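Architecture at a glance
Residue-level listing of the chains:
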Amino acid sequence: KGTNMSPTPENKMRDPNNTAMQKVGAAIIRDRKVLVVRKISNPDSEFYMAGGKMEGDDTQRETLERELMEEINIRVLRTEYLGTYEDIATFEKTPIIIHAYYVEIEGDPSPQSEIKEFAWIGRDFESKGIPVSSIMAKRVIPELIKRDLM
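Here's a quick rundown of the structure.

Conventions and cut-offs
- As a convention, each chain's residues are numbered from 1 in the sequence order in which they are written.
- Under the rules for a predicted model, residues below a pLDDT of 70 receive no local features and side-chain atom pairs below 80 are neither given nor counted, while totals for whole chains, interfaces and linings still include all residues.
- To get the side-chain values, all heavy atoms of the structure are used, and hydrogens and water are removed first.
- By the criteria applied, helices consist of DSSP H or I runs no shorter than four residues and strands consist of E runs no shorter than two, each listed in order from the N terminus.
- Using a 1.4 Å probe on the protein chains alone, a residue whose accessible area is under 20% of its type maximum counts as buried, one over 50% counts as exposed, and one in between counts as partly exposed.
- The contact definition used throughout considers only heavy atoms, calling two residues in contact when any of these lie within 4.5 Å.
- Whether two strands pair depends on DSSP finding at least two bridges between them.
- A fitted line through C-alpha atoms serves as each axis, taken over the contacting stretch for helices, and the angle formed by two N-to-C directions is quoted from 0 to 180°.

Moving on: the side chain of Glu67. Structurally, the position occupied by Glu67 is in helix 1 (residues 60-72). Glu67 sits in the buried class, given a relative accessible area of 6%. Apart from the residues within four sequence positions on either side, Glu67 is in contact with Gly51, Gly52, Lys53, Glu55 and Ile72.

Here four strands make up an open sheet; going across it, the order is 4-1-6-5 and the pairing mixed. Each end of this open sheet is capped by a strand with a single partner; those strands are strand 4 (50-53) and strand 5 (75-88). Adjacent strand axes in the sheet meet at a mean angle of 20 degrees, parallel and antiparallel pairs treated alike. Where helix 1 meets the sheet, its contacts fall on strand 1 (21-27), strand 4, strand 5 and strand 6 (95-106), and the angle it forms with strand 4 comes to roughly 120 degrees. Across the face of the sheet, helix 2 (residues 134-146) comes into contact with strand 1, strand 5 and strand 6 while running at roughly 130 degrees to strand 5.

Structural measurements only, silent on function.
Spelled out as structure tokens, the structure:
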């Protein structure tokens, strides 16, 4: 333990002292639109970021790699940390922390396992009436726009 350097966000593990659900989410961009997904179990719910819960000793990067392969069958090439956001989870109605990343991928997304469908949405998603989770709508998309990715 000779170094005081904190790990980069993508190498951080789940915080065992925090009781909130801890997830890692991917902002995948194509043609200035971001990928959002919806679960089979909640087909009429809002769309949200692909990704999932941190498990065991997985780092944020490992969580992204596992969940994106399981959910939409793609490989992670590169990640860039966007931010960590807190809210109340839509489905579970419990506190949630989402570590969000801009993710460059290999492969074409296709819905797998619990994912019913996905969509590419632009900054005009609200005027088009597309329901999107609050962290995505209020925090992640504005950050992507600020970084000129959308």
